[in-house]
Every structure is written in C-alpha cells, then in structure tokens.
Amino acid sequence: MAAFSYTVLIPLVPLFMFLIIGLFGMKFKPLVSGIAGTVGLGFIAILSYITAINYFFGVGKVNEVFQTIIPVNFTWLQFTETLHIDMGVMLDPISVMMLVVVTTVSFMVHIYSLGYMKGEVGFERFYAFLSLFTFSMLGLVIATNIFQMYVFWELVGVSSFLLIGFYYQKPSAVAASKKAFIVTRFADLGFLLGILIVSFYTGTFDFGLLTKTGTSIFQSAGAATFMGCSVLSWGMMLIFMGGAGKSAMFPLHIWLPDAMEGPTPVSALIHAATMVVAGVYLVARMFPVYSIQTPDVLTIISYIGGFTSLFAAVIACTQYDIKRVLAFSTLSQIGYMIMSLGVSGYGGEEGLGYMASMFHLFTHAMFKALLFLGAGSIIHAVHSNSMQDMGGLRKYLPITHITFLIACLTISGVPPLSGFFSKDEILVAAYNKNVILFWVEWAVAGLTAFYMFRLYFNVFWGKDRHYHHTPHESPLVMTLPLMILAVASVFSGFLPFHELVTSDKMGFESHMHYNIAIPSVAVGLLGIIIAFIFYKKETGIPDKISVALGGFYKTVYNKFYIDELYLFVTRKIIFGCISRPIAWFDRHVIDATMNGVAWVTNYASEKVKGIQSGQVQHYAFVFVSGAIVLVLFFVYLLN
Amino acid sequence: MIQGIPFTHILIVSTIMFFIGVAGFITRKNLITMLMSTELILNSVCINFVVFNRYLYPINLQGHFFTMIIVAIAAAEASVAIALIINIYRRFSSIEVSDVSEMKN
C-alpha cells in the first residue's frame, strides 16, 4: 500500500541525524546539534501521529478488523527460496501504538535534555546516541520479521550501553554499562537460539506467516520433543528469555537498577518508557504463537511477570536513591504487563489481558517518563540522588512538584487518571484467569502506592533542610516536557484501547468491573495513607519498623542479595572452576607449544650464525671444497 | 693443430694455472693479490676456450671471441675491484681481507 510509504522516513530521519551529529557534531556549537536532533525528532513525531490517525481512524480498519499493512519491504539476505531476511515496515495496531509512544517520549526527552545536559562535556555525543537509540527502537517496532527485530534489538542494546556509560570517566557508570550489556547479551543468546529453533521448524522469519491463526507451519515442530517439552515450547521459551533480558524480568533484572548511572533523561527514555518494554512488545508480537501453540509457556510467563512485580515492589520500598526507587518501580510495572500478557487468551473478550498490557505499556510510558524527568529536575536542583538529602522541596520546585504528584497519583491507580484504567484492566484479566496472581497484583498495587508516596513525601514534604544554595525551579525547556507528559498521563486513560489494540485486531466491549476496581483503588489509597502517616512529617515510625523487621529488612535493602549471588556464580564458579583451568591450559599448553617452536628456532639460529664468519676466504674455501667433493662424487662414485 | 704440442699438455698448464689462482685466492690476505689470483683463474679459462676451439672446431671462431669478451670484462672488473679496494682502504685503513668482516654473524 503506497499510502503509508512515508513511514519509512520515521526510522531513517533519526539515523540521518545520528550520522550528521555523530560525524560533524564537533564542528557545530553544541546547542546546534541538540536543536537539530530535537527538530528531526519533532518531525518524525508528527509523522507518527499522522500515521496513527490515518491508521486507527482511517484506512486501517476493513470489515471491523485492523489490517496488517506492509508499505515497504525488501529482501536483505536470501538464504533459500523460502528462508530470507527482509527489512521493511509493518504497520498493525501495536506497532503504530509503539511508534506514537517512542516518538513522543523521545521528543520530550530531546527537549528536556537541552536544559538538563546544558554545558555537559559531550553534549553533541549525547544527542548522537539519542538519535541512534531512537532509530534502533523505531526499527525494532516496525520490524516485519523476527530477524529484523533481532538486528534492531541488538542495536538498541548497543545504544543503551553507550548511553549508560555516557559519563565514561566514572568507574561506576562504566561497570553499569558493561553489566547491562553483558546481561542483556546473555539473554539475547537465548533469543537467537529461539529464533533459529522456531525458524528451522517453520521455515520462515516473517511475523505475518508466524502469527497467522490456523496455520499449518507448526505441524512439523509439534511432533519433535526435547526433555519432555515440545521443541516449539523450548523455542518460544528461549525467545521469551531474550524479552525477559531486555525487560529486566527476574532473574535477569540485575542490570536495570545499575543502569541508573546514566544521565537521567536516558533513564526516562530507555530504561523506563521504551527499550525495557521491548520484551513486552516481543511477547505481544508473537502472542498468537504463544497463545495457540504453546499455552504452557504463556503460563510460565505470567508467573515470571507476577513474581517480578511483587519482588521489585518490595525492594522499592526500602531504597533511598530516588532513581533506584523508580527503576524498581519500572521493573514492577513491566512485571504487570508481562503477567497480563501471560493470563490473556486469544480473541475477543478473552484477549482482555493482551489489550490491558498494551494499554498499560502506553500509560506507563507516559507517567514513568514523567516521573524520571521529574526526578531529573529534582536532581538538577539538589545535586544529589539520595532522598535523605531532600525534603521540603515543594516550595522551591512548584511545577516539578505538581507534575510529580500527578505522576504518583497516576501510578497509584487513583481514578480517573490513566494508570487507574490500565491497571484495572490488568487486574480484571488476572482475576478471570488466575486468582492467586490477582491477589499478588492487588498487593503490588498497594505497595506501589506506598513506595511512590514514600518517595513523594520524602522529597517534597518532610523536614525542611538547609541547602548550600537555594534550589531553584528548572528552566522552561525542562518543565515544558513535564507539563506535556502530565497532561498525557491524566488523559491517556480515556483512549479507547479496547477498540484499537486487541489480540485479534477486532474491537470488543470493555466494561468497568466495580468488584475489582473498588478494592484496587482502596488498597492504593491505603498505601498512600500509610505513606502519609509515615513520611509527611519526620516520624520515627519507619525506622522502628525497619529495626523490628531486622534481618528481613536488611535482605530486602540489599535487593535479596541477587547481585551477590550473580557475583558468586560468575566469579567463584564460572571464573574459578571453568575459566581458570581453561586459561591455565591456554597459557601452559597451547601458548607453550607455540613459544617452544619459537624458542627452538631462535636457539638453532643462534648456534648456526657462528658459521658466518665474515671472512670471504673461508666462504671461498668451503665453496671450492664443496665443488671438489661434488666433482669427485659425480665422476667416481656414480660411474 | 699446433705442431709438436699435444692437446693434453696445454690443458695441464691451464689446470695448474687454475688451481694456482684458487689457492692464491684462498690463502693470500692482501686484496690486490686476491684480485690477481682471480685474473689467473680467468686466464686459465681463456686458454681452455681457445684450445678447445682450435682442436675441436678449427673452422669456427666462437672460442676466440669468447676469450676477447672475457679479457674485456676482466679489465672492467679489475677497475671496479680496485675502486672497491680504494673505498675499503679509506674506511678501514687496510686492504687485508681479514679486517673486512663487518657483516659476520
């Protein structure tokens, strides 16, 4: 369809900006690079909105079903007649929705960074990397086939690595970027294996063929089994492993809190709103396969999501670094989305979880970006990440205060803000499928409200503190994105997602479920009230509770020692028991053989060089004697 | 044919000359005398050329002309060699061959 062929510009403009800023950024004034990047992003944001409006309210819907439109597609690598890797643009409800999310948040972050990163060394490098990231993320969401997605998946990982390590002179940032890269790379190994397994049995990478319902391409995989599970289940599980790495699901979540070492706008863009939901997007993209072919894997996914959301919410209650609280909150909310996909069925009202997950992805992107940008504004004013250094900031930062409060209310699920609607749908979906998960998520909703308002009261209320210099409100380039995102957080809940983004691409009727909504709002309000009592004024209650909990509090504060466990496994077991003997073998057997050959050659030549005396007459004598010997040999012995 | 002188006698002379040259080249330490020894070797070869030409193919003249060429080349070679020897003398203040062993080992 030629109508949408302009969508190819959406990823290409950031790529172009990346090349221009990256190659020639040093020649401009820093601000020129920043503004160039921002204008480019604004342009593609508008293009995405046009695409979304055209698609959702124009030509996208045919006979009550949203069509999958592929305006651009070309073969990139051809292996066999049927197996080839394409590059192209695919528009369907979730990819169009993601285009809007990515370009909106990226645009806001670009504007915000003009103020936040002002005067930093490497300003233009920052904008070059932001453009690279935006390009990769857009390429990921519009992928027409799983291999294109994988290519951009890796590019996203690289840009995340570059941006986390932006302050490359800070050892902790370098360590965090390496950790993020290695952990996600490890997960991507699973993803690649999964792709290979699935494509081996189906003979295609194409999403259109893979996700078609009633298709017969999975028949050959159905019979094959490995360790009690069908091969297809293994393949899909491995693909989910890639998604879990990117989305920081337990137990691959360890990189995300450390990734907060990057600049705060990066955390807002990559580690809250866009890249970390790539795993959710992947599962949603492959959802028909999960739902119809491998429902057992989907059940595992739902438990992983549910567990992660609870686990991260508990840790978030104990952290003091405001960005880490937000990072664990992100983990928890992504757990919600994954869980929601896990409990969803395919088609119609059964697909409520799928819709709710996408809905929450959308609203979460808005309010979590807002929270991070607000946190950036606070850090900008106070020059500290720790909430122990903050308090009573509401007087100094009025705009940040109001927008942050809106975001906190939204994430806590207070009606009629957007978080309420999406979270309610998720809880309904969980209730329909699995009551245990429903209660877990219900408790997490309360915990979420508690830790968000713990953060809010600690930062903006509490005791007045004396600051070295009075904190002042951020400039307009930083507060404007906050205000825009606040408006989006308030109103995005009214978008009719149940008509637009559904598992079978057909709309369905969605109702309020008061029996679910009332308890979930109640638990949210309860969390807020407890936080109010604990932290509104400085009281001794939280300290007393943490002392009373003793060892448990310490365990939670140290994130259940998962990082230490990983260090133990990698350092002691993998490095100590596997790598060290291999290194020994390498040095003492393989290298030693090569060194021995070199030594023998060297020694021999050292000995032989004595023959070369430099006396011409010696050479002549040897030559003549040799000639005589040869003559004697040929004349007397051969006859 | 040269009357009264057998073929082999001349060859014996040239062989003796050749080995005198070789022995001189190997044993004499002075570069000039070594050069003279190489001239002996060349001249013994010249004798062989002329003799074989004369005794085996008296009608042809290739052997004679080869000898002429060798004599001419020997003259050129002697001048080059002497130029080298002068340079060596400038550098080492000696024309003893045993002193010129910079390139050893």
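To be clear, the structure that these remarks concern was listed above.
Quantities reported herein were computed from a predicted structural model and do not represent experimental measurements.

Asks: Would you take a moment to explain the overall build of chain B for this structure?
Replies: Within chain B one finds three helices and zero strands. When the helices and strands of chain B are read in sequence order from the N terminus, they spell out α-α-α. Relative to the globule expectation of 13 Å for 105 residues, the C-alpha radius of gyration of chain B, 17 Å, shows a markedly less compact shape. If one aligns the C-alpha atoms of chain B with their principal axes, the spans along those axes are about 50 × 25 × 25 Å. Expressed as a percentage of the 105 residues in chain B, the buried residues total 8%. Taking the intrachain contacts of chain B between residues at least 6 apart in sequence as the baseline, contacts between residues at least 24 apart amount to 46%.

Asks: What's the story with the overall build of chain A in this structure? I'm lost.
Replies: Along the backbone of chain A there are 26 helices and six strands. With the principal axes as the frame, chain A shows a C-alpha extent of 120 × 65 × 55 Å. A total of 639 residues make up chain A; the buried ones form 52% of that total.

Asks: Please explain the interface of chain B and chain A as it appears in this structure.
Replies: Contact residues are listed per partner, giving 10 residues for chain B and 10 residues for chain A. When grouped by side-chain class, the residues that make up the side of chain B that touches chain A number five nonpolar, three polar and two charged.

Asks: Please explain the nonpolar core as it appears in this structure.
Replies: One broad rule of soluble globular proteins: the nonpolar side chains tend to lie buried together. Residue and element names in this part refer to chain A. Core analysis: the largest hydrophobic core is formed by 198 residues, its most contacted members being Val-280, Val-283, Ile-338, Met-358, Ala-369 and Leu-370. In terms of residue count, helix 16 (residues 352-382) provides more of this core than any other element does, 20 residues in total. When residues no more than four places from it in sequence are discounted, the contact partners of Ile-338 are Ser-247, Met-249, Val-280, Val-283, Ile-301, Ile-304 and Gly-305.

Asks: Where do I start with the pairing of strand 3 (residues 69-78) of chain A in this structure?
Replies: Two faces, one strand: in a regular strand the side chains alternate between the faces of the sheet. All names here are of chain A. The pairing of strand 3 with strand 4 (residues 84-91) spans seven bridges and is antiparallel. Looking at strand 4, one finds that Val-72 is bridged to Val-89. The hairpin formed by strand 3 and strand 4 contains five residues between the paired strands.

Asks: Any chance you could explain unusual backbone geometry here in plain terms?
Replies: Negative phi values dominate among residues other than glycine, just as trans dominates among peptide bonds. Each neighbour pair has its own omega, and for A:Phe250 with A:Pro251 the value is 0°, a cis peptide bond. For A:Pro251, the location among the structural elements is in the loop between helix 9 (231-246) and helix 10 (255-258). One non-glycine residue, A:His383, adopts positive backbone phi at about 60°. Along the polypeptide, A:His383 turns up in the loop between helix 16 and helix 17 (398-411). Positive phi values are uncommon outside glycine, yet B:Ser93 reaches one of about 55°. With respect to the helices and strands, the residue B:Ser93 is situated in the segment after helix 3 (62-92).

Asks: Even after reading the chapter, I still don't get helix 23 (residues 541-549) of chain A, so can you show me in this structure?
Replies: What sets the pattern is the α-helix's 3.6 residues per turn: residues three or four places apart point alike. In terms of burial, helix 23 of chain A is a largely surface element, zero of the nine residues being buried. One or two positions beyond helix 23 of chain A, positive phi appears at A:Gly550, with a value near 55°.

Asks: Would you take a moment to explain the packing of helix 2 (residues 30-59) of chain A against helix 3 (residues 93-116) of chain A for this structure?
Replies: Relative orientation and spacing of two packed helices are given, respectively, by the angle between their axes and the distance between those axes. Residues and elements named next belong to chain A. Between helix 2 and helix 3, the shortest axis-to-axis distance is 9 Å and the interhelical angle comes to 155°. By the angle class used here, helix 2 and helix 3 are roughly antiparallel. For the pair helix 2 and helix 3, the sense of crossing is left-handed. Per-class residue counts for the contact of helix 2 with helix 3 are 13 nonpolar, 11 polar and no charged.

Conventions used here
Residues numbered from 1 in each chain as written. Chains lettered and ligands numbered in written order. Predicted model: local features only at pLDDT ≥ 70, side-chain atom pairs only at ≥ 80, totals over all residues. Helix = DSSP H or I, 4+ residues; strand = E, 2+ residues; numbered from the N terminus. Rg over C-alpha atoms; globule rule 2.2 N^0.38 Å. Buried ≥ 20, exposed ≤ 12 C-beta atoms within 10 Å, placed from the backbone. Contact = placed C-beta atoms within 7 Å. Nonpolar A, V, L, I, M, F, W, Y, C, P; charged D, E, K, R; others polar. Core = buried A, V, L, I, M, F, W, Y, C linked by C-beta atoms within 7 Å. Pairing = 2+ DSSP bridges. Axes fitted to C-alpha atoms, helices over the stretch in contact; angles between N-to-C directions. Parallel < 35°, antiparallel > 145°, perpendicular 65-115°, else oblique. Left-handed = near helix turned anticlockwise from the far one by under 90°.

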